[in-house]
Amino acid sequence: MTNPTALVLFSGGQDSTVCLAWALERFDHVETVGFDYGQRHASELAARPRLLAGLRNAFPSWAQKLGPDHLLPLDAIKAIGGSALTESMTIAMGKDGLPNTFVPGRNVLFLTAAAALGYRRNIGDLVGGMCETDFSGYPDCRDETIQATAKALSLGLAREVRIHTPLMWIDKAATWRLGEQLGGKALTDLVLEESVTCYEGDRSHRHGWGYGCGQCPSCMLRADGYARFIAA
Ligand code: ZN
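Residues numbered from 1 in each chain as written. Predicted model: local features only at pLDDT ≥ 70, side-chain atom pairs only at ≥ 80, totals over all residues. Heavy atoms only, no water.

Draft legend 1. Up close: the coordination of the zinc ion. Each protein donor to the zinc ion is listed here as Cys198 (SG), Cys213 (SG), Cys216 (SG) and Cys219 (SG); together their distances run 2.3 Å. Taken together, the four donor atoms surrounding the zinc ion define angles of 104 to 117 degrees at the centre, an arrangement classified as tetrahedral. Here the donor residues of the zinc ion are spaced in sequence according to C-x14-C-x2-C-x2-C. (Donors = N, O, S within 2.8 Å, 3.2 Å for Na, K, Ca; no water. Tetrahedral: all angles 85-135°; square planar, octahedral: opposite > 155°, others 65-115°.)

Below is the structure:
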């Protein structure tokens with residue numbers, strides 16, 4: 001490893017927060033990047049600084065490793081449109097067999113932007129929360145997509161890009177467990193209280209598993225995973 005620094009794709013959700021903890025356990029330095037792509041609800045982006053502050057407070061050894069946070073605008077996603085994440089439409093199944101929360105190629109775009117930022121900052125290790133287990137059928141969450149993207153970026157930048165996806169083969173219950181293994185109850189509590197996973201960006205309803213509308217597919221996955229996590 002030439003530069004023991006990782007760049008974590010950090011959205012402010014549960015998955016990327018656990019990925020950030022994972023990276024802080026493994027790398028000497030960790031930077032974070034988020035993307036403002038015209039999400040209908042700003043609460044996920046608003047969660048990012050709260051989570052970073054919470055991590056710094058609760059984990060002094062991680063605080064020493066945690067470097068700059070970057071926020072990149074990717075307005076093209078909203079301009080292209082057609083997704084319930086950027087437009088006011090009811091979350092439903094689309095004709096393509098995917099939920100209309102799908103943003104075509106979003107992870108490929110995010111990873112490309114992250115790799116470009118990493119190039120400038122001399123960081124070749126990217127960490128993302130893509131997961132093939134609970135992936136709602138999103139084709140850009142598949143391991144094959146991610147590994148092919150790493151190869152394309154390595155070629156396109158003429159510098160090796162490694163993409164780490166610690167959640168790829170685990171389900172939501174196991175994501176809660178991984179968080180607990182990495183940061184104990186303090187991390188579980190931080191994720192519960194501050195991370196935003198809800199597609200509606202709901203921060204007004206507090207459930208045992210955290211805040212959310214409780215109705216959208218993302219809330220249902222989170223609730224189900226948490227129930228299985230505490231039952232185990
Ligand atoms: Zn929800």
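Draft legend 2. Local environment of the nonpolar core. If you look at the biggest cluster of nonpolar residues, it comprises 66 residues, and the most contacted ones within it are Leu9, Leu20, Phe35, Leu126 and Leu187. Those residues in contact with Phe35 that lie beyond four places of it in its chain are Leu9, Leu45, Leu71, Leu72, Leu74, Phe110, Ala113 and Ala114. (Core = buried A, V, L, I, M, F, W, Y, C linked by side-chain atoms within 4.5 Å. Buried < 20%, exposed > 50% of the residue type's maximum accessible area, 1.4 Å probe, protein only. Contact = heavy atoms within 4.5 Å.)

Draft legend 3. How the structure looks around the pattern of salt bridges. Evaluation of the coordinates by the stated rule reveals eleven salt bridges. For Lys172, the salt bridge identified is with Asp15, shortest N-O distance 2.6 Å. Here Lys172 is found in helix H7 (residues 172-194), whereas its partner Asp15 is found in helix H1 (residues 14-26), with 157 residues between them in sequence. Residue Asp125 pairs with Arg162 through a salt bridge whose shortest N-O separation is 2.8 Å. Of this pair, Asp125 sits in strand E4 (residues 125-127) while Arg162 sits in strand E5 (residues 162-164), and the two are 37 residues apart along the sequence. For Asp125, a relative accessible area of 0% gives the class buried. Arg162 gets classed as partly exposed once you look at its relative accessible area, which sits at 27%. One salt-bridge network, in which partners are shared between bridges, spans Arg50, Glu194 and Arg203. (Salt bridge = Lys/Arg side-chain N within 4 Å of Asp/Glu carboxyl O. Helix = DSSP H or I, 4+ residues; strand = E, 2+ residues; numbered from the N terminus.)

Draft legend 4. Representation of the packing of helix H5 (residues 106-120) against helix H6 (residues 143-157) within the structure. It is the contact of H5 with H6, at a shortest axis distance of 10 Å, that shows an interaxial angle of 35 degrees. The hand of the H5/H6 crossing is right-handed. Facing Val108, Leu111, Thr112, Ala115 and Tyr119 of H5, the residues of H6 in contact are Thr145, Ile146, Thr149, Leu153 and Leu157. A breakdown of the residues in the contact of H5 with H6 according to their chemical character gives seven nonpolar, three polar and no charged. (Axes fitted to C-alpha atoms, helices over the stretch in contact; angles between N-to-C directions. Left-handed = near helix turned anticlockwise from the far one by under 90°. Nonpolar A, V, L, I, M, F, W, Y, C, P; charged D, E, K, R; others polar.)

Draft legend 5. Layout of the environment of Ser204. The topology assignment puts Ser204 in the loop between H7 and strand E6 (206-207). Given a relative accessible area of 58%, Ser204 falls into the exposed group. Taking the C-alpha atoms as reference points, Ser204 and Leu187, separated by 17 residues in sequence, lie 21 Å from one another. Among the polar contacts made by the side chain of Ser204, one reaches the side chain of His205 at a distance of 3.4 Å. (Polar contact = N/O pair within 3.5 Å; in protein donor to acceptor, adjacent residues only side chain to side chain.)

Draft legend 6. Quick peek at the pairing of strand E1 (residues 5-9). Burial analysis of E1 places five of its five residues in the buried class, the great majority of the element. Across the two faces of E1 the burial is the same, with Thr5, Leu7 and Leu9 and Ala6 and Val8 all buried. Examined bridge by bridge, E1 and strand E2 (residues 29-36) share five bridges and lie parallel to one another. Its bridge partner lying in E2, Leu7 is registered against Glu31. A crossover connection joins E1 to the parallel E2 through H1; in handedness this β-α-β unit is right-handed. (Pairing = 2+ DSSP bridges. Right-handed = clockwise from strand over helix to strand, strands pointing away.)

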